[in-house]
Amino acid sequence: MGKRWLGAVIGAGLAWCAFGAACHAQTYPSKPIHLVVGYAAGGSTDLVARLVGQRLSEALGQPVVIDNRPGAGGTIASDQVARSTADGHTIFMSTIANSINTSLYPKLPFNFATDFAPISLIATVPNVLVVNPAVPATNLKEFIALAKSKPGQINFASSGAGSSIHLNGEFFNMVAQVQLVHVPYKGSAPAIVDLISGQVQSMFDNLSSSLPYIKAGKLRALAVTSAQRSPAAPDIPTMAEAGLPGCEVTSWFALVAPAKTPKAIVARLNDEVRKILDQPAVKARFAELGAEAAPSTPEALAALIESETAKWAGVIKASGASID
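This is a predicted model, so every value here is computed, not measured.

**Details of the overall build of the protein**
At step 1: On a plain count of helices and strands, the protein comes out with 11 helices and 10 strands.
At step 2: In terms of C-alpha radius of gyration, the protein reaches 22 Å, essentially the compact-globule figure of 20 Å for 324 residues.
At step 3: Along the first, second and third principal axes, the C-alpha set of the protein runs to 85 × 40 × 35 Å.
At step 4: Taking all 324 residues of the protein together, 48% fall into the buried category.
At step 5: When contacts within the protein are restricted to residue pairs at least 6 apart in sequence, long-range pairs at least 24 apart make up 77% of them.
At step 6: When the accessible surface of the protein is summed, it comes to about 14,700 Å², and 57% of that surface belongs to carbon and sulfur atoms.
At step 7: A gap of 4 Å separates the mean positions of the 25 positive and 22 negative side-chain charges of the protein.

Okay, here's the thing in structure tokens:
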């Protein structure tokens, strides 16, 4: 009798927990959702967040408030979200920088791999190697040959020390076995200005940022860093096609939430995001930004975060890159 009674109590308890989780998911969201962005308004991460946030608001019936918290490569915003209540009402637009920062900032107060619940990959953006038109190299092989003939004399600009653009250049140095010299700027915009004027010679930039200048003939594109050619610039070869396999780099944007967010809520958000990213208008807008919609399962995003974190840890260690 005692065992039967205990079993009945346990069974009822489990059923009640399942019922409670289901009810929680059905009543979610019960208030506005804050979508935290680790960069200033107007940048690529902010644009992606606003595009998705507007449609997520329509789907969920609650306002999605974009909360810009720039600083320290996104780590300020990341820390805020990691410490937020895990009820699905605070989510975060993470980027490739979060995987990089794990090694750049070894004393972070959070762990990107364990303190966040992956929801879905949102979009991917290839980088592109661009040079000033005065550089005597019309393709990637010629540029590598030029760099090898002048070790330490060819430079590359970046949006800042420790940025994904910076690390892309260091990765290129490793794979191509060249010695391009890093010149950091406070953002991509001033770096591109100096690249166009000839103050610096090359740069690995987000394709979306450089594409207008490539089309205008102000910059020469040598190769994109994605595995496949970008639909936004189908005439630009990949690194592998241009003669340098093994130098694949793709910037990405993804939605995550605090680690203990209920699985039912994560599943609801994943389902809504996948529907949003399948909308033709959303795909078209991403294409205008030089990006591709890339919905995923939470598990696939978790695997991406793990592999990217390991990859950039290796690049940072081998190159000696720092944020100083």
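**Here we look at unusual backbone geometry**
Comment: phi is negative for the bulk of residues other than glycine, and the bulk of peptide bonds are trans.
At step 1: Each neighbour pair has its own omega, and for Tyr28 with Pro29 the value is -5°, a cis peptide bond.
At step 2: Inspection of the secondary structure assignment puts Pro29 in the loop between helix 1 (2-27) and strand 1 (33-37).
At step 3: With phi around 55°, Ala72 is a residue other than glycine that occupies positive phi space.
At step 4: Mapped onto the fold, Ala72 is located in the loop between strand 2 (64-68) and helix 3 (75-82).
At step 5: For Ala72, a relative accessible area of 36% corresponds to the partly exposed category.
At step 6: Even without being glycine, Gln177 reaches a positive phi, approximately 60°.
At step 7: For Gln177, a relative accessible area of 64% puts it in the exposed group.

**Quick word on the environment of Val65**
At step 1: Note that Val65 resides in strand 2.
At step 2: A relative accessible area of 34% places Val65 in the partly exposed class.
At step 3: Not counting the four nearest positions on each side in its chain, Val65 is found in contact with Pro32, Ile33, His34 and Leu35.

**Structural notes on the pattern of salt bridges**
Pairs may arise between side chains of opposite charge once their charged atoms sit close together.
At step 1: Taken as a whole and judged by the stated rule, the model has eight salt bridges.
At step 2: A salt bridge links Lys275 to Asp271, with the nearest nitrogen and oxygen atoms 3.3 Å apart. Taken together, the residues span about one helical turn, with Lys275 and Asp271 both in helix 9 (residues 263-277) at a distance of four residues.
At step 3: Judged by its relative accessible area of 48%, Lys275 falls in the partly exposed class.

About the thresholds
Residues numbered from 1 in each chain as written. Predicted model: local features only at pLDDT ≥ 70, side-chain atom pairs only at ≥ 80, totals over all residues. Heavy atoms only, no water. Helix = DSSP H or I, 4+ residues; strand = E, 2+ residues; numbered from the N terminus. Rg over C-alpha atoms; globule rule 2.2 N^0.38 Å. Buried < 20%, exposed > 50% of the residue type's maximum accessible area, 1.4 Å probe, protein only. Contact = heavy atoms within 4.5 Å. Areas by Shrake-Rupley, 256 points an atom, 1.4 Å probe, with all protein chains shown as cover. Lys, Arg positive; Asp, Glu negative; His and termini not counted. Charge placed at Lys NZ, Arg CZ, Asp CG, Glu CD. Salt bridge = Lys/Arg side-chain N within 4 Å of Asp/Glu carboxyl O.

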